[in-house]
Amino acid sequence: MPVPRLTAAFSRSRFLAGASALAGAAVPLRVAAAPQRYELRELVARPYDLETPLQYFRSFITPTEAFFVRSHFGPPADWPPAAFALEIKGLVQKPVSLTLADLRALPSHSVTCVIQCAGNGRAFYRPRPAGAQWHWGAVGNARFTGVKLKDVIARAGGLQGSPAHLGVVPADHAPSPQTPLFNRSIPIEKALDEDTILAYDMNDAPLNVEHGGPLRLIVPGWAGDNHVKWLLSISPQTDETHGFYMDTGYRYPDVLGEPGVAIPPEKTHHVTDMPIKSIIANPLDGETVSAGHFTVQGVAFTSRGEIDRVEVSSDGGASWQPAELGPDRAKYAWRLWQADVQLKPGAATLSARAFDTAGGAQPAAQEWNPSGYFWNVYHSVGVEVRA
Amino acid sequence: MKFALAPLAAALLLLATSGNPARAIDDPGKLLPPGPGKDLVLEHCQACHSVTLIVQQHISEKGWTGELVKMEKWGSTLPADDNAAVAAYLEKYFNPDSPDGPPRMRLTPKQPG
């Protein structure tokens, strides 16, 4: 099926949406209604870990129902309580509890950003690290709306002293009290960033429980573990939070080593910003396509600088051609891209690699790390081309 | 199995389960192969997570032992005396060379509102 040019597609769909709304015109076939149900790959049934199939990465916004789900312990039963309120405590002038109505009364701020699980691509490392065996789909791009964390702190009278961290406590916990909690902290500078928010909406609808509702921390540009779901309280504090999920989990070696060689925690750091990555969303691996012209589509994102360019290969990486980048629509969002290739009958391997302005480039091979974080080897898909 | 077979597998699952995919997908007894240790896994691991977490792993016996020791600290009810037998069972089927199981697809409901 021919794919319209990226820029044309964006303006055309905006125009059509506006025209339809105004005139009640019949919706043209090309602007088909969004599917009502989405199939996700279920990694863990309880608590939910669900991965997004790559055909859902052909749009700028990942629909909420198609967005990957990662849960450490999952929301408690009967969550959220009817009398939900977020506690703001610790090193603030006036500790306070704020209901959702209180939070919605504060000025709202929207951020469209990529959220990616640090372990996205873990299944491709050898040897395979333990953990959820994500392929490419533990990532999505959505619009989150909520209140700036700095405004919430101000609502509690501002900081008391000079706390260096913001502690975050969620509601989820395992059945056993011996299991560590997913209590976390982020540095206070990142907490007070203009784009760090407590989100109550996702894609312009109330944040649902699977995605952390009623309130989720959004830390644009940083790996998914920082975007804590099911918030109970936040507290400016002097030190980092300690515990398994701060001191052992979600850490990356300062210097990579051979598999099997233990790396002490003090020689590791928190996973925060994400290296350059692109993902092919069309065609899908294993598909049969027609010979001739084909438009390869995908997404690219980085936390380090901006996307500089994306290149596509239709000969397994022997030669590369530039892809057309879609508009840069939001600082922390991904960029759509597409490239026209000519396919001859037989087997073909399509690859895509992205480069950022900070010098990041997707490699052909990647060094191993113990938790299998930040896989960004360039993506290749195999297709059968029929005459 | 190749990821590309996902739609077919999901369709077959749907057919097989006539509108209630969750039940068949989550049947833990069917996800775990027979062997010494299976009953212990079913009895002790599911308090916190479904066995779907287990069957996707590809780790060595040493790795499995490490996981069981971690879970013991985290409150698992599996008696420590059974760790070796369970690690051997898990390694037999979910080791670095074992094949990936078929993808399990889940239909997400339309979000309310």
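What you see is a predicted model, and the numbers here were worked out from it, not measured in a lab. The numbers attached to residues start from 1 for each chain and follow its sequence in the written order. Chain letters start at A and ligand numbers start at 1, both assigned in the order the entries are written. Restriction of local features to residues with pLDDT of at least 70 applies here, the model being predicted, together with a cutoff of 80 or more for giving and counting side-chain atom pairs; totals for whole chains, interfaces and linings are based on all residues. In computing side-chain values, all of the structure's heavy atoms are included and hydrogens and water are not.

1. Side note on the overall build of chain A
When helices and strands are counted, chain A shows five helices and 24 strands. Relative to the globule expectation of 21 Å for 387 residues, the C-alpha radius of gyration of chain A, 22 Å, shows essentially globular dimensions. Overall size of chain A, expressed as C-alpha extent along the three principal axes, is 70 × 65 × 40 Å. Here the term buried applies to any residue with accessible area under 20% of the maximum for its type, exposed to any over 50%, and partly exposed to those in between, with areas from a 1.4 Å probe on protein chains only. Looking at the 387 residues of chain A, the share that counts as buried comes to 54%. Considering only residue pairs separated by 6 or more positions, chain A has 72% of its internal contacts joining residues 24 or more positions apart. Of the roughly 16,000 Å² that chain A leaves accessible, carbon and sulfur atoms contribute 55%. Taking the average location of the 34 positive side-chain charges in chain A and that of its 37 negative ones, the two points are 4 Å from each other. What counts as a helix is a DSSP run of H or I of at least four residues, what counts as a strand is a run of E of at least two, and both are numbered from the N terminus. Put simply, the radius of gyration uses C-alpha atoms, and a globule should come to 2.2 Å times the residue count raised to 0.38. Residues count as neighbours in contact if any of their non-hydrogen atoms are within 4.5 Å of one another. For accessible areas, the Shrake-Rupley method is used with a probe of radius 1.4 Å. Any residue's cover is judged against the shown protein chains and nothing else. Counting rule applied: Lys, Arg positive; Asp, Glu negative; His and chain ends not counted. To locate a charge, the coordinates of NZ of Lys, CZ of Arg, CG of Asp or CD of Glu are taken.

2. Considering the sheet that holds strand β13 (residues 231–237) of chain A
All names here are of chain A. Following DSSP output, two strands are said to pair if at least two bridges run between them. Strand order in the open sheet made by the five strands is β5-β4-β13-β8-β9, with mixed pairing throughout. Two strands bound the open sheet, and with one partner strand each, they are β5 (96–99) and β9 (184–187). Taking the axes of each pair of neighbouring strands and ignoring which way they run, one obtains an average angle of 20° across the sheet. One ladder, built from four bridges, connects strand β8 (residues 165–170) with β9; its direction is antiparallel. Across the sheet, Leu166 pairs through a bridge with Ile186, a residue of β9. Angular values range over 0 to 180 degrees, each being the angle between N-to-C directions of two axes fitted as lines to C-alpha atoms, with helices fitted over their stretch in contact.

3. Observations concerning the side chain of Thr196 of chain A
Residue placement: Thr196 of chain A occurs in the loop between α4 (188–191) and β10 (197–202). Once residues lying within four places of it in the same chain are set aside, the contact partners of Thr196 of chain A are Val147, Lys148, Leu149, Lys190, Ala191, Leu217, Ile218 and Pro220 of chain A.

4. A few points about the environment of Phe60 of chain A
Residues and elements named next belong to chain A. Tracing the sequence through the fold places Phe60 in the loop between β2 (49–51) and β3 (69–70). Residue classification places Phe60 among the buried residues on the basis of a relative accessible area of 9%. Residues Phe60 and Thr112, spaced 52 residues apart in sequence, show a C-alpha to C-alpha distance of 9.8 Å. Apart from the residues lying within four places of it in its own chain, the contact partners of Phe60 are Thr112, Asn141, Arg329, Ala333, Trp334 and Leu336.

5. Observations concerning the confidence of the model for chain B
All names here are of chain B. A residue's pLDDT is the confidence the predictor assigns to it, expressed on a 0 to 100 scale. Here chain B averages 81 in pLDDT, and 73% of its residues register 70 or above. A low-confidence stretch, residues 1–24 (pLDDT under 50), is modelled with 18 contacts involving residues beyond four sequence positions or located in other chains. Model confidence for the complex is summarised by a pTM of 0.89, with the ipTM given as 0.89.

6. A few points about the pattern of salt bridges
The salt bridge definition used is simple: a Lys or Arg side-chain nitrogen within 4 Å of an Asp or Glu carboxyl oxygen. Applying the stated criterion to the full structure yields 17 salt bridges over all chains. Between Arg104 of chain B and Glu42 of chain A there is a salt bridge whose closest N-O contact spans 3.8 Å. Of this pair, Arg104 of chain B sits in the loop between α7 (83–93) and β1 (105–108) while Glu42 of chain A sits in strand β1 (residues 38–44), placing the two residues on different chains. Residues Lys30 of chain B and Asp27 of chain B are paired through a salt bridge, measuring 3.9 Å at the closest nitrogen-oxygen approach.

7. Thoughts on the environment of Glu87 of chain A
Residues and elements named next belong to chain A. Among the structural elements, Glu87 can be located in strand β4 (residues 85–88). Sequence separation of Glu87 and Arg37 is 50 residues, and the distance between their C-alpha atoms is 36 Å. Setting aside residues up to four positions removed in sequence, Glu87 forms contacts with Val96, Ser97, Leu232, Ser233 and Ile234.

8. Concerning the sheet that holds β1 of chain A
Overall, antiparallel pairing links the four strands, which are arranged β3(A)-β2(A)-β1(A)-β1(B) in an open sheet. Single-partner strands in this sheet number two, and they are β3 of chain A together with β1 of chain B. When β2 of chain A meets β3 of chain A, the two strands line up antiparallel, connected through two bridges. Each residue of the ladder has a partner; that of Leu50 of chain A, found in β3 of chain A, is Val69 of chain A.

9. Focus on the interface of chain B and chain A
The partner chain A presents 38 residues to the 34 residues of chain B that form the contact. Overall, the association of chain B and chain A removes approximately 3,300 Å² of surface from exposure, summing both partners, and the carbon and sulfur fraction of that is 50%. The tally of links from chain B across to chain A stands at three salt bridges. Two residues, Glu210 of chain A and Arg106 of chain B, come together in a salt bridge whose shortest N-O distance is 3.3 Å. Contacts described as polar in this section are N or O atom pairs within 3.5 Å, which, within protein, must combine one atom able to donate a hydrogen with one able to accept it, while residues neighboring in sequence count only if both atoms come from side chains. At the junction of chain B with chain A, the criterion picks out 17 residue pairs in polar contact (both at pLDDT 80 or more). Going through the elements one at a time, α5 (52–55), α6 (61–73) and β1 of chain B are the ones with two or more residues in the side of chain B that touches chain A. What gets called buried area is simply the loss in accessible area from a 1.4 Å probe that two parts show on being joined, summed for both.

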